[in-house]
Amino acid sequence: MPEGTGGTPPRTLAEALRAQGDGSLVALLRARPDLLSPVPSDLSQLATRAGTRASVVRALERLDRFTLQTAEALAVAAEPAPYDTLRALLTGDEGDPEIEAALPRAVATLRDRALIWGADDRLRLVRTARELLAPSPAHPSPTGLGPTVAEATAGMSPGRLQEILTAAGLPSTHDPVSAVASLTALFTDRTRMAALLDTAPVDALSVLDRLVWGPPYGEVTSSPTPPVQWLRDRGLLLPATTRTVALPREAALHLRAGRAHRTPEPVAPAVAPRASDASTGARPQVVDNTAAGQAYTTLATIEELAKDWNEGGPNVLRAGGLSVRDLKRTATALDVAEPVAAFWVELAYAAGLLAADGEADERYAPTPAYDDWQELPAPERWARLATAWLTATRTPGLVGSQDSKGRTLAALGPDLDRGAAPEVRRRILGLLATLPEGTAPDPESLLARLRWERPLRGASGAGRADDLRTRLAAWTLNEAEMLGITGRGALSSHARALLAPDGEHTDEDTLTPGELAAAGRRAARALAPLLPEPLDHVLLQADLTAVAPGPLLRPLAELLAIAADVESKGGATVYRFTPGSVRRALDAGQSASDLHDFLRNHSRTPVPQPLAYLIDDVARKHGHLRVGAASAYVRCDDEAVLDEILADKRSQGLRLRRLAPTVLAAHADAVTLLDGLRVMGFAPAAESAEGDVMITRAHAHRTPPRTAPAPVPDGPPTPDTALLSAAVRAIRAGDLAATVVHKPVPEPSGSGSAALASAAAAARNGALPRTTSAETLATVQAAAMTGSAVWIGYVNADGAASQRVIAPVRVEGGYVTGYDHTADEVRTYPLHRITGVAELADDPA
């Protein structure tokens, strides 16, 4: 049991903390990291900060349902409350073994988080927590209980109190205080209260039944019905306002058989398997293969997105993010729905593969990191995406919804961060890992478990279908399936490797960058055997198509993407060769012989004759016409071809005229002229100022080096062990300096002892000691010789005053060097900055 100084019960939270060991303080600061910013100077400041409203609200939000119910029960009990009283409020008169077994853990959690303090026979809820959890008309308690008799009768006339006592069969008293005590004793006495209710009319009992589990308030008229009047006469309904009455808390507890909650939940609800998987489940190999297939699709989709934005993607909105039109266009290019496209765009952005280029006409484009990412093996590329998703606070599911000001949230916009997202993702995966391999969860049981673990979290209220935590959970399940974390709803083996090396998941702790990188490497090793090896061949068919039966090596895939158009995707990708695609390859610098060699070397089937004819036919026409800059011109050695162009009505918009038998001039620019001639069915080639054919390759636009967006944490990060240990040492040392006992300073006997008088007053009042320079020097020299510690007042160069306990070891040159208990290190202080010194009653060294 925590005790205060001298073995007495603690009178304040600060005294209770002072009696705890360093391990308890470390646990408190780890559970409530907001108390560390900045590090409290002593335990009194720590206790004060732990009782602030913002900190208490944050601590309550991180309690599970039963621990919160325990705090709510303590809030309706008289203070201080013995442990047995708290247990009775949760178990009721009949008792409950499950609650009795779970209650010690809940009390320990509340005590470890400094929400309650005191020994088990004198439990006290922190005042701010009591104010938040205790019932009031403005903020009803989840217990459904109302005010106590004392609260409800405050301000009631003494005559009215005596009337209630008489109607209830109690003897009259001499003052209102004893009248309230007598009525309270009646309502808390099971036998006498039962006898009183036995005389109640049936309709009166029906009124009580409607109020007993809350809300405990009801409206009344100026002429209440006989049942209501009977209850009012006996104090079973007490006035709350001029038009409302309340059921007193003591009476409600009697009607509830002593229980503060209608349905206590001491045990977390289990995550049940999905109905279809309850008996057999899916085979783990099927789950892994399904997830690996989706992981491959993830890589292909991100590459396709980067290819679509390769030459400069959509413009950045003035307020930031993608416009609705650009998101639709991207969704069409990826052949997915708009919400899915928003997820892929946000995933690439979170991984640092896409960003804004920062130019005057700002656009989105791949980053240099994307090129490095492409060079990695496929499992490592996937692991980079998975770890980025796991820790990102950006929430794609919000795209298209509105913020509090009615503005639509845009993909890549500035208002998509939700600090709770990483915690929910980690917890979802941790719960999936508790199921047998190959088993998918029942979504409702999963959400019920999340609501039990954090009942107060969420923007719209606990337990509602639209609260933020519930929506994050639903989005997590969908995104995990798209990303290849799960397959058929069950956690894959490579995702289990992503969680922890031993398969266990600590969702409360934030992974360090090193731990996250190690998790990514484990996941990549687990995924590698499941992904197909890249192929170096395709299957050419007579209908001018090529079938890639799997993923292709990068050089083969890149050249094939230029020379042919993708016709369909899936387990096998089908490419189609067209005159336009072949001309695209020729424009990129390939010759007809290069294309023939490429197809012959990479096809497991002979090159079909129609495809060979197509390549030769397009190559024969390619470059026959030459377009340059005049504004633009066309030249051709075959005069008949130029005659044909001039005779075609479609050339009128180009405003062509003949300059020479083999040259036509145009008013249009070279690009427009090239496009116009191609529409007319020709295959012109652009030429340079020197007359050489220009090779046209896609210009890859890249942003300057960009870092991935930093997650926006949901509160202060969890401190590491070294920081916690250092913080506890500093708090202990500061507390020692603030509470150390000083030797009594004798009262001065003469008028010449002003310095001693000042020191005596300082010692009595707890202020900084004040002594003369000579007395300060003499005292610290004596302490250095005897090895004792002293209490000093010190003012630093910035003018900040503090009190410290030091053990001097050397005094010379106007400085004192010694071990500073406050800083837990050896320090040197200028003597002229020491305001005064006092000896300690007990040497802490």
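Fair warning: this is a prediction, and the values are worked out from it, not measured in the lab.

(A) Region of interest: the packing of aromatic side chains. Taken as a whole, this structure holds four aromatic pairs when the rule is applied. When the centroid spacing of 5.0 Å and the interplanar angle of 55 degrees are considered together, the rings of Phe 343 and Trp 344 count as tilted. A relative accessible area of 3% places Trp 344 in the buried class. Taking 4.7 Å as the distance between ring centres and 65 degrees as the angle between the ring planes, the aromatic pair formed by Tyr 794 and Tyr 829 counts as edge-to-face. Of this pair, Tyr 794 sits in strand β19 (residues 790-795) while Tyr 829 sits in strand β22 (residues 825-830), and the two are 35 residues apart along the sequence. In terms of burial, Tyr 794 and Tyr 829 fall into one category: buried. Positioned above the aromatic ring of Trp 373 is the side chain of Arg 381, whose terminal nitrogen or guanidinium carbon lies 5.5 Å from the ring centre.

(B) Region of the structure containing the nonpolar core. Leu 29, Leu 46 and Phe 187 are the most contacted members of the largest nonpolar core, which has 87 residues in total. Discounting chain neighbours no more than four positions away, the residues touching Leu 46 are Leu 17, Leu 25, Leu 28, Leu 29, Leu 35, Pro 40 and Ile 731. Ala 386, Ala 433, Leu 446 and Leu 527 belong to the second largest nonpolar core, which has 67 residues in total.

(C) Broad picture of unusual backbone geometry. Cis geometry marks the peptide bond from Glu 79 to Pro 80, where omega comes out at -5 degrees. Note on placement: Pro 80 falls in the loop between α5 (65-75) and α6 (83-91). With an omega of -5 degrees, the peptide bond between Gly 214 and Pro 215 qualifies as cis. Position of Pro 215 relative to the elements: it lies in the loop between α13 (202-211) and β3 (217-219). With phi around 60 degrees, Asp 335 is a residue other than glycine that occupies positive phi space. Along the chain, Asp 335 turns up in the loop between α17 (324-334) and α18 (338-350).

(D) Representation of the pattern of salt bridges in the model. Tallied over the full model, the rule gives 33 salt bridges. A salt bridge links Arg 105 to Asp 64, with the shortest nitrogen-to-oxygen separation between them at 3.3 Å. Here the residue Arg 105 occupies a position in helix α7 (residues 97-112), and Asp 64 occupies one in the loop between α4 (53-61) and α5, the gap between them amounting to 41 residues. A salt bridge links Glu 567 to Arg 576, with the shortest nitrogen-to-oxygen separation between them at 2.4 Å. The partly exposed category is assigned to Arg 576, whose relative accessible area is 26%.

(E) Fine view of empty space enclosed by the protein. Enumeration over the complete set of coordinates arrives at four cavities of 30 Å³ or more. Considering only enclosed or pocket space, the second largest cavity measures out at about 60 Å³ in volume. For the second largest cavity, the full set of lining residues is Phe 343, Glu 346, Leu 347, Ala 350, Trp 389, Ala 392, Arg 394, Pro 396 and Arg 425. Counting residues per element, the lining of the second largest cavity draws most heavily on α18, at four residues.

Each value, and the rule that gives it
Residues numbered from 1 in each chain as written. Predicted model: local features only at pLDDT ≥ 70, side-chain atom pairs only at ≥ 80, totals over all residues. Heavy atoms only, no water. Phe/Tyr/Trp six-rings, centres within 6.5 Å; stacked < 30°, edge-to-face > 60°. Buried < 20%, exposed > 50% of the residue type's maximum accessible area, 1.4 Å probe, protein only. Helix = DSSP H or I, 4+ residues; strand = E, 2+ residues; numbered from the N terminus. Lys NZ or Arg CZ within 6 Å of the ring centre and 35° of its normal. Core = buried A, V, L, I, M, F, W, Y, C linked by side-chain atoms within 4.5 Å. Contact = heavy atoms within 4.5 Å. Salt bridge = Lys/Arg side-chain N within 4 Å of Asp/Glu carboxyl O. 1 Å grid on protein atoms, 1.4 Å probe; cavity = no way out; pocket = protein on both sides within 12 Å on 5 of 7 lines; lining within 4 Å. Points joined across faces, edges and corners; volume = space filled by probe spheres on them.

That's the geometry; what it means functionally is another story.
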